[in-house]
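Structural overview
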Amino acid sequence: MILQTQNLVCGFNKSSPVLEGIDFSVAKAEIIFILGPNGIGKSCLVQTLSGVISPIAGEAPHLELSAMERAKLASYCAQEVIESSDLLVENYLSLITPTHKSLFDLVVKELEIKPFLSKSLIKLSGGERQRVRLGACLLQDSKVYLLDEPTNSLDPKPIQNLSRLLLELKELSKSSVIVSHDLGFAINTGTRFIGIDQKRILFDCDQSTLREKKLLDQLYSVNFNWAQVSDSRWALC
């Protein structure tokens, strides 16, 4: 396993934990979506996995690594977009340019960042800055990418591009752990789905189980209909 926790307790103070008893692991080449209603603790979980928030209790051996070693293991992208500044996009990304140029070329191409590499961040829209922020995270060349609401501010085409990019990174043995409310993006990108409710993991399954057992219906208290739009793509209605 690349990353593993046992009996993890997450939150902002010991008296009222957000999540309890979280046993969680990430293997090579997985795309894991963390699903659940607003305020249930999804962001708290990835913030804890990244080290932004310290766990209240439990075991997470990777958090005991040095900051440099942890960066090689996991890269975190928060849901807030980059603040506007006069810094050029290419200079921003150069701070995180990976050893392998092929990864840089792949990320820049799929996120369609190249047209504004020479522009300053202040001249970009919110969606364009979100793509730059995602690019910076994915260029860190970590083993696991922790992405919190990565489709915020993105139009449909960039979302499709991001889905394709994550699948391509999976083929390079990279894994992703993604918090998202975009269920269409999730079911057409993910290889594994974790539902959180009542402070605990409600389910941990593949797409077929998610669909056949109507687990999304239970999680969100909504009756979803799955419609197959191609051999590999589904829509929820």
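The shown structure was predicted, so the numbers you read here are calculated from the model rather than taken from an experiment.

Side note on the nonpolar core
- If you look at the biggest cluster of nonpolar residues, it comprises 48 residues, and the most contacted ones within it are Leu-35, Val-89, Leu-93, Ile-113, Val-132, Leu-138 and Leu-210.
- Not counting residues up to four positions away in its chain, the partners in contact with Ile-113 are Val-89, Leu-93, Val-108, Arg-131, Val-132 and Gly-135.
- Ranked by size, the runner-up nonpolar core spans 25 residues in total, among them Phe-24, Val-46, Leu-49 and Ala-60.

Things to note about the pattern of salt bridges
- For the coordinates displayed, the defined rule picks out eight salt bridges.
- Note that Glu-30 is salt-bridged to Arg-192, the shortest N-O span being 3.0 Å. Here Arg-192 lies in strand E8 (residues 192–197) and Glu-30 lies in the loop between strand E2 (19–26) and strand E3 (31–35), a separation of 162 residues in the sequence. Comparing Glu-30 with Arg-192, the two get one shared label, buried.
- The partner of Glu-110 in a salt bridge is Arg-164, with the nearest N and O atoms 2.9 Å apart. Residue Glu-110 is located in helix H4 (residues 101–110), and its partner Arg-164 is located in helix H6 (residues 156–171); the two are separated by 54 residues in the primary sequence.
- Its relative accessible area of 41% is what places Arg-164 among the partly exposed residues.
- Where salt bridges share partners, they join Glu-30, Arg-192 and Asp-204 into one cluster.

Considering the side chain of Asp-217
- Along the chain, Asp-217 falls in helix H9 (residues 215–220).
- There is no salt bridge for the buried Asp-217, and the closest opposite charge comes from Lys-214, which lies 4.8 Å off by N-O distance.

Overview of unusual backbone geometry
- Positive phi, close to 60°, is recorded for Asp-141, a residue that is not glycine.
- Counting through the fold element by element, Asp-141 comes out in the loop between helix H5 (126–138) and strand E6 (144–148).
- Judged by its relative accessible area of 27%, Asp-141 is partly exposed.
- For Lys-199, which is not a glycine, the phi torsion comes out positive at approximately 70°.
- Assignment of secondary structure puts Lys-199 in the loop between E8 and strand E9 (200–205).
- Judged by its relative accessible area of 36%, Lys-199 is partly exposed.

Quick look at the packing of aromatic side chains
- In this structure the tally under the stated criterion is four aromatic pairs.
- Ring centres of Phe-33 and Phe-193 lie 6.2 Å apart, and the angle between their planes is 20°; this geometry places the pair in the stacked category. Of the two residues, Phe-33 is situated in strand E3 and Phe-193 in strand E8; the sequence distance between them amounts to 160 residues. Here Phe-33 and Phe-193 have matching classes, each one buried.
- With a centroid separation of 6.4 Å and 85° between ring planes, the pair formed by Tyr-220 and Phe-224 is classed as edge-to-face. For the pair shown, Tyr-220 and Phe-224 are each scored as buried.
- Taken together, the ring pairs in this structure connect Phe-33, Phe-185 and Phe-193 into an aromatic cluster.
- For Arg-211, the ring lying beneath its charged end belongs to Trp-226, and the centroid distance is 5.9 Å.

With respect to the environment of Gln-130
- Checked against the element boundaries, Gln-130 lands in helix H5.
- Separated by 47 residues in the primary sequence, Gln-130 and Val-177 have C-alpha atoms spaced 18 Å apart.
- Setting aside chain neighbours within four positions, we find Gln-130 in contact with Gln-79, Val-81, Glu-149, Pro-150, Thr-151, Asn-152 and Leu-154.

Considering H6
- Here H6 is 16 residues long and its end C-alpha atoms lie 23 Å apart, about the 22 Å a rise of 1.5 Å per residue gives.
- Residues Pro-158, Ile-159, Asn-161, Leu-162, Ser-163, Leu-165, Leu-166 and Leu-169 constitute the buried set of H6.
- Contact partners of the buried residues in H6: E3, H4, H5, E6, strand E7 (175–179) and helix H7 (183–187).
- Ser-173, located one to two residues past H6, shows a positive phi value of around 70°.

Rules and cut-offs
- Residues numbered from 1 in each chain as written.
- Predicted model: local features only at pLDDT ≥ 70, side-chain atom pairs only at ≥ 80, totals over all residues.
- Heavy atoms only, no water.
- Core = buried A, V, L, I, M, F, W, Y, C linked by side-chain atoms within 4.5 Å.
- Buried < 20%, exposed > 50% of the residue type's maximum accessible area, 1.4 Å probe, protein only.
- Contact = heavy atoms within 4.5 Å.
- Salt bridge = Lys/Arg side-chain N within 4 Å of Asp/Glu carboxyl O.
- Helix = DSSP H or I, 4+ residues; strand = E, 2+ residues; numbered from the N terminus.
- Lys, Arg positive; Asp, Glu negative; His and termini not counted.
- Phe/Tyr/Trp six-rings, centres within 6.5 Å; stacked < 30°, edge-to-face > 60°.
- Lys NZ or Arg CZ within 6 Å of the ring centre and 35° of its normal.
- Expected span 1.5 Å × (residues − 1).

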